[in-house]
Amino acid sequence: MWLFHHDYFAKIKRTNWQLNILNLILLFAITLINYPTSLLSEAVAQRNLADIRFAFTSYALVALVISGLFWVLYRFMAVHQDLMIHQEQHEQFYRAIRNDPLRSVLIYVIALVGIQFNVVVRALLILLGNIFHFIAHLRLSRNIEKHHLIE
């Protein structure tokens, strides 16, 4: 998430107060992922099924919030293209990545439902979310390079 955030913000030319507030909220949400990760490792080590379910639910909720905030960021930057480096190429760049946060939200919503049924399903859905974030980061990086959006 930190790399993704860094690469995305590397193509921003300037900021305004709304983007600063949005960025602070996003960064705060990202820091919250440490707590459910810690809960999850402790619950798995103790093999307590109720705690594992709670930890997976907490993780999925925090990840859902983070993904939702990235979607808000994407929508904000689509409207405020004047803040971007190379504004003329922004639409091509944005078209390739604009649905990634929504896909991530969908994964975590499904994970929250799956959490209620099976521990293996939970683990696979959370893993799928993490793999998706890695793939989305690669797509973002390739699009930044493809459109030469970093000065």
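Just so it is clear, the structure is predicted and the values come from calculations on it, not from any experiment.

Engineer: Mind showing me how you'd approach a nonpolar patch on the surface here?
Structural biologist: Side chains of V120, L124, L127, I131, F134, I135 and L138 sit close together on the surface and give an oily, nonpolar patch of about 650 Å² of accessible area. By the secondary structure assignment, I135 is in helix α7 (residues 119–146). In this structure I135 comes out as partly exposed when scored by relative accessible area, which is 39%.

Engineer: Sorry if this is basic, but what is going on with the pattern of salt bridges here?
Structural biologist: Here the idea is simple: oppositely charged side chains can pair when their charged atoms come close. Enumeration over the complete set of coordinates arrives at two salt bridges. For D82, the salt bridge is made with R14, and the minimal N-O distance between the two is 2.8 Å. One end of the pair, D82, is in the loop between α4 (49–79) and α5 (87–97); the other, R14, is in the loop between α1 (2–9) and α2 (17–31), and 68 residues separate them in sequence. Between D100 and R103 there is a salt bridge, with the nearest N and O atoms lying 2.9 Å from each other. In this pair, D100 and R103 both sit in helix α6 (residues 100–114), three residues apart, roughly one turn of the helix. Take D100: its relative accessible area is 3%, and that puts it in the buried class. Taking relative accessible area as the criterion, R103 reaches 40% and is therefore assigned partly exposed.

Engineer: When you look at α2 in this model, what are you seeing that I'm missing?
Structural biologist: Relative to the 21 Å expected for 15 residues at 1.5 Å per residue, α2 spans 21 Å between its end C-alpha atoms, a close match to the ideal helical length. The set of residues buried in α2 consists of L19, L22, N23, L26, A29 and I30. Projected down its long axis, α2 shows its buried positions confined to an angular sector of 125°, all on one face. Among the exposed residues of α2, those oriented more than 90 degrees off its buried face are W17, L24 and F28. Buried residues belonging to α2 abut α1 and α4. You can read the cap of α2 off the contacts: a side-chain oxygen lies 3.2 Å from the backbone nitrogen of Q18, and it is on N16.

Engineer: I keep staring at the nonpolar core and nothing clicks. Help me out?
Structural biologist: Here is a general trend for soluble globular proteins: nonpolar side chains tend to be buried in one another's company. Of all hydrophobic cores here, the largest spans 41 residues; its most connected members are Y8, L19, I66, F70, L73 and M77. Contributions of two or more residues to this core are made by α1, α2, α3 (34–46), α4, α5, α6 and α7.

Engineer: What is the right way to look at α3 in this model?
Structural biologist: One full turn of an α-helix is made of 3.6 residues, so residues set three or four places apart face in the same direction. Over its 13 residues, α3 runs 18 Å from end to end, which matches the ideal 18 Å to within 8%, given 1.5 Å per residue. Along α3, the residues that are buried comprise P36, L40 and A43. The buried side chains of α3 occupy one side of the element, clustering within an arc of 70° when seen end-on. Looking at α3, the residues exposed on the side facing more than 90 degrees away from the buried face are N34, Y35 and A45. For α3, the secondary structure elements touched by its buried residues are α4. In the segment just after α3, R47 is the residue with positive phi, at about 55°.

Engineer: Explanation requested: the environment of N23 in the structure shown.
Structural biologist: Looking at where N23 falls in the secondary structure, it is placed in helix α2. C-alpha separation for the pair N23 and F70, spaced 47 residues apart in sequence, amounts to 9.4 Å. Sequence-distant contacts of N23, that is, excluding residues within four places in its chain, are made with H5 and F9.

Analysis parameters
- Residues numbered from 1 in each chain as written.
- Predicted model: local features only at pLDDT ≥ 70, side-chain atom pairs only at ≥ 80, totals over all residues.
- Heavy atoms only, no water.
- Patch = residues over 30% accessible without salt bridge, like charges linked within 9 Å, V, L, I, M, F, W, Y side chains within 5 Å.
- Areas by Shrake-Rupley, 256 points an atom, 1.4 Å probe, with all protein chains shown as cover.
- Salt bridge = Lys/Arg side-chain N within 4 Å of Asp/Glu carboxyl O.
- Helix = DSSP H or I, 4+ residues; strand = E, 2+ residues; numbered from the N terminus.
- Buried < 20%, exposed > 50% of the residue type's maximum accessible area, 1.4 Å probe, protein only.
- Expected span 1.5 Å × (residues − 1).
- Arc of directions from axis to C-beta.
- Contact = heavy atoms within 4.5 Å.
- Polar contact = N/O pair within 3.5 Å; in protein donor to acceptor, adjacent residues only side chain to side chain.
- Core = buried A, V, L, I, M, F, W, Y, C linked by side-chain atoms within 4.5 Å.

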